[in-house]
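Residue-level listing of the chains:
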Amino acid sequence: HDIATLKRAKNLPGAKGVKNIIAVSSGKGGVGKSSTAINLALALQAEGATVGVLDADIYGPSVPMMLGCEGERPSSPDGKHMAPVMAHGLATNSIGYLVTDDNAMVWRGPMASKALMQLLNETLWPDLDYLIVDMPPGTGDIQLTLAQNIPVTAALVVTTPQDVALLDARKGIVMFNKVSVPVLGIIENMSMHICSQCGHAEAIFGTGGAEALTEEYGIPLAGKIPLHISLREDLDAGLPTVSRWPDGDFTRLYRDIAGAI
Ligand code: ADP
Ligand code: MG
């Protein structure tokens, strides 16, 4: 860590017991950042780490639903701070636990950025090996706040093999390069569709895109996750695949990525 990073860490009382902050990001929405962030957090936990998840998607939080915690609220032991909501062994916090109407959806950038800093600083995070940050799409205010004010250890960029997703993933990599956050790896999500009936694999979003990106920027390919109906169904049920099927094939893929991290 450079001095600027250490200074920032001093100003982040809420996260002082957090060893590594990992941002799971991409330029584009709907590519599977939240799915990846959550399954990866569970995979790191299965490898023996203590892990938390900070939902930074202020405008479209999906952590509460995907972890089966919709309607829960963090308790406040001292009236000032929030105790994280525990889900599947993960310490979590999300604007989705706090705002139950649609008001947050129309906040301007500075307000949304402030909410993110509060979620980080006013949560009583336990000592954690990893705090996984589920990022919103894009390279706007929230992403910059995070990159500039939070001592992010490293980022992971999620993309599908589709050209438009790769274009946006590239923007994300450039942003992290600008603010000197190392990108640990690229995760290709929805890399092949695997039919749940016959097992047939089909490259719905194309092939080879993530490999091209890894070569272009010299960033390793951290892993490939197929498009499969059970991954989606498990998340919709609030029982992420890694938690539901500890010995499953998809769990192995996430655990391989966790091991590489
Ligand atoms: P993002 O956070 O990038 O907007 P999500 O993680 O919310 O994306 O994923 C969008 C939708 O696609 C969700 O309904 C999720 O369950 C589904 N999904 C994500 N990855 C996969 C996958 N590999 N296979 C099947 N469904 C997936
Ligand atoms: Mg998301």
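Here's a quick rundown of the structure. (Residues numbered from 1 in each chain as written. Chains lettered and ligands numbered in written order. Predicted model: local features only at pLDDT ≥ 70, side-chain atom pairs only at ≥ 80, totals over all residues. Heavy atoms only, no water.)

Quick word on the packing of helix H7 (residues 163-178) against helix H8 (residues 209-217)
Short version of the rule: Where helices are involved, their axes are fitted lines through C-alpha atoms of the stretch in contact, as for all axes, and angles between N-to-C directions lie from 0 to 180°. Put simply, DSSP H or I for four residues or longer makes a helix, DSSP E for two residues or longer makes a strand, and each gets a number counted from the N terminus. Under this scheme an angle from 65 to 115 degrees is roughly perpendicular, one under 35 degrees roughly parallel, and one over 145 degrees roughly antiparallel; angles in between are oblique. The hand of a helix crossing depends on one turn: near helix anticlockwise from the far one by less than a right angle means left-handed, and clockwise means right-handed. Any two residues having at least one pair of non-hydrogen atoms within 4.5 Å are treated as being in contact. Three classes are used: nonpolar for Ala, Val, Leu, Ile, Met, Phe, Trp, Tyr, Cys and Pro, charged for Asp, Glu, Lys and Arg, and polar for all others, with Gly counted as polar.
It is the contact of H7 with H8, at a shortest axis distance of 11 Å, that shows an interaxial angle of 25°. Classed by the angle they form, the pair H7 and H8 counts as roughly parallel. In this structure, the crossing between H7 and H8 has a hand that is right-handed. For the pair formed by H7 and H8, the contact residues are Leu166, Ala169, Arg170, Ile173, Val174 and Asn177 on the first element and Gly209, Ala210, Leu213, Glu216 and Tyr217 on the second. Looking at the contact of H7 with H8 residue by residue, the classes come out as 7 nonpolar, 2 polar and 2 charged.

Concerning the site of ligand 1
Applied cut-off: Residue proximity to a molecule or strand is established when one non-hydrogen atom of the residue lies within 4 Å of it. Contacts described as polar in this section are N or O atom pairs within 3.5 Å, which, within protein, must combine one atom able to donate a hydrogen with one able to accept it, while residues neighboring in sequence count only if both atoms come from side chains. Note on areas: Shrake-Rupley with a 1.4 Å probe; residue coverage comes only from the protein chains shown.
Contacts to ligand 1 come from 17 residues, most closely from Gly30, Lys33, Ser35, Asn189 and Pro226. Within the backbone of valine 31, an N or O atom sits 3.2 Å from an oxygen atom of ligand 1. At a separation of 2.9 Å, a nitrogen atom of ligand 1 approaches a polar side-chain atom of asparagine 189. Expressed as a share of its isolated accessible area of 560 Å², the protein-covered part of ligand 1 is 82%. Contributing elements (two or more residues each) for the shell around ligand 1: helix H2 (33-46), strand E7 (183-194), strand E9 (221-227) and helix H9 (229-236). Tallied by class, residues from the shell around ligand 1 come to 8 nonpolar, 7 polar and 2 charged.

Some words on the side chain of threonine 36
Which entries qualify depends on this criterion: Residue exposure (1.4 Å probe, protein chains only): buried if accessible area is under 20% of the type maximum, exposed if over 50%, otherwise partly exposed.
With respect to the element layout, threonine 36 can be found in helix H2. On the accessibility criterion, threonine 36 (0% relative accessible area) is buried. Setting aside anything within four residues of it in sequence, one finds threonine 36 in contact with Val158, Ile187, Asn189 and Tyr254.

Some points on unusual backbone geometry
Phi is positive for histidine 88, close to 55°, though the residue is something other than glycine. Structurally, the position occupied by histidine 88 is in the loop between strand E3 (85-87) and strand E4 (90-94). Overall, the relative accessible area of 27% leaves histidine 88 in the partly exposed class. For serine 180, which is not a glycine, the phi torsion comes out positive at approximately 60°.

Topic: the pattern of salt bridges
It is possible for side chains bearing opposite charge to pair when their charged atoms get close. Stated precisely, the cut-off is as follows: Salt bridges, as used here, are contacts in which a Lys or Arg side-chain nitrogen is within 4 Å of a carboxyl oxygen on Asp or Glu.
For the coordinates displayed, the defined rule picks out 8 salt bridges. A salt bridge links aspartate 168 to lysine 171, with the shortest nitrogen-to-oxygen separation between them at 3.6 Å. Within this pair, aspartate 168 and its partner lysine 171 are both found in helix H7, separated by 3 residues, close to a single helical turn. The buried category is assigned to aspartate 168, whose relative accessible area is 18%. Residue class for lysine 171 comes out partly exposed when judged on its relative accessible area of 47%.

By themselves, these are just geometric observations and shouldn't be taken as functional.
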